[in-house]
Amino acid sequence: MHIIRDHQFVTPEDRGASVAIGNFDGVHLGHQSVIAQTRAAAPDAPLGVLTFEPHPREYFAPAAPPFRLMRPNSRTHRLEKLGVERLYELNFNAGLAGLSPEEFARNVLAEGLGLRHVVVGSDFCFGKGRSGNADDLVRFGAELGFCVTIARLMAHSDKVVSSTAIREALSRGQPRDAAAMLGHWHRIEGEVIGGEQRGRELGYPTANMSMDGLHLPKFGVYAVLVDVLDGPHSGSYHGAASVGVRPMFDGEKPNIETFLFDFSGDLYGTTLSVGLVAYLRPELKFDGLDALIAQMDGDCAQARSILTAL
């Protein structure tokens, strides 16, 4: 995959692509359908995705609570798995935000990136103040020399598949509902960082990862599938993870702590991808460490049973 971050500096080989436009947070089934339609619209053209970084919502409301389902690197990896060849990850700044719909179509899509075909969802809005819609883009494309396909929104259980609906499912502690819309388990990916090693003292050493910038699932304990993406312990494992603030130890900053079953080794500095499979219980505060350890024994037994049955 080739990543392009500035529409004003595009090489000839990166022009002429068939491109899906959107934020692609989560790369859910609706996104995957749009990408498939993009490939079918011009099968002989490079397959591309056009998105923005930072997310426009982050740009306009930087103090708002984190909402992203995945970080940019995770999105890139997921798009690459789908066969995307060109990722136009444009810097969303004041200049781009201030373009009118026509200026965006002309300066960015036609003259800047030289796109051949564009696919957007029926709810697509663009340009200053989100004043342009999908029908406007069709009209601009006809004038400027690129084709436009408007993709219908995908539904699941009578509800439109969307990043918002997936966030709502995760906030309810329903990772299977989220997975049904994603087409894959919701994964939290990041580097293993140093912790206070309390889990090791309890007989449950955990790999700690930051949740900064990400939408927070319902706090509690989950059965998880874990991929160690690099280092000497690369591979796939079953485990149990706690998402939250560790009420037993007066934690403050949310994180995810993952215990890998039947594993021994050092994971510091490696990258983990933790897939949430089933919500087991909420965060609890126990009378003492013995009660906590007994609960963790039960959590792990339950998680093993669930994951073995997958």
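What you see is a predicted model; the values in this text were computed from it and never measured.

Draft legend 1. Up close: the packing of aromatic side chains. Counted under the stated rule, the structure contains twelve aromatic pairs. Relative to Phe104, the ring of Phe52 has its centre 6.4 Å away and its plane inclined at 50°; by these criteria the two rings are tilted. Taken together, the residues span a long stretch of sequence, with Phe52 in strand β3 (residues 47-53) and Phe104 in helix α5 (residues 101-112) at a distance of 52 residues. An angle of 50° between the planes, with centres 5.9 Å apart, marks the rings of Phe104 and Phe126 as tilted. Here Phe104, found in helix α5, pairs with Phe126, found in strand β6 (residues 125-126); they are 22 residues apart in sequence, far enough to count as distant. Of the two residues, Phe104 and Phe126, neither departs from the other in class, the shared state being buried. Members of the aromatic cluster, each reached through a chain of ring pairs, are Phe52, Tyr59, Phe60, Phe92, Phe104, Phe124, Phe126 and Phe140. Across from the ring centre of Phe140, 4.7 Å away, lies the NZ or CZ of Arg139, which sits over that ring. Lying over the aromatic face of Phe261, Arg304 brings its terminal NZ or CZ to 4.3 Å of the ring centre.

Draft legend 2. Quick look at the pairing of strand β13 (residues 220-228). Most of β13 sits out of view: eight of its nine residues are buried. Of the strand pairs in this sheet, β13 and strand β14 (residues 235-244) are connected by nine bridges, and their pairing is antiparallel. Paired with Leu225 across the bridge in β14 is His238. Adjacent in sequence and paired antiparallel, β13 and β14 are bridged by six residues, among which Gly231 carries a positive phi angle near 85°. In the sheet, β13 pairs with strand β16 (residues 271-281) via eight bridges, with the strands oriented antiparallel. Paired with Val221 across the two strands is Arg281, which belongs to β16.

Draft legend 3. Broad picture of the environment of Ile188. Relative to the elements of secondary structure, Ile188 occurs in strand β11 (residues 186-191). As for Ile188 and Val274, which are separated by 86 residues in sequence, their C-alpha atoms are 5.1 Å apart. Sequence-distant contacts of Ile188, that is, excluding residues within four places in its chain, are made with Met209, Met211, Leu214, Pro217, Ile256, Leu272, Ser273, Val274 and Leu276.

So, how was this worked out
Residues numbered from 1 in each chain as written. Predicted model: local features only at pLDDT ≥ 70, side-chain atom pairs only at ≥ 80, totals over all residues. Heavy atoms only, no water. Phe/Tyr/Trp six-rings, centres within 6.5 Å; stacked < 30°, edge-to-face > 60°. Helix = DSSP H or I, 4+ residues; strand = E, 2+ residues; numbered from the N terminus. Buried < 20%, exposed > 50% of the residue type's maximum accessible area, 1.4 Å probe, protein only. Lys NZ or Arg CZ within 6 Å of the ring centre and 35° of its normal. Pairing = 2+ DSSP bridges. Contact = heavy atoms within 4.5 Å.

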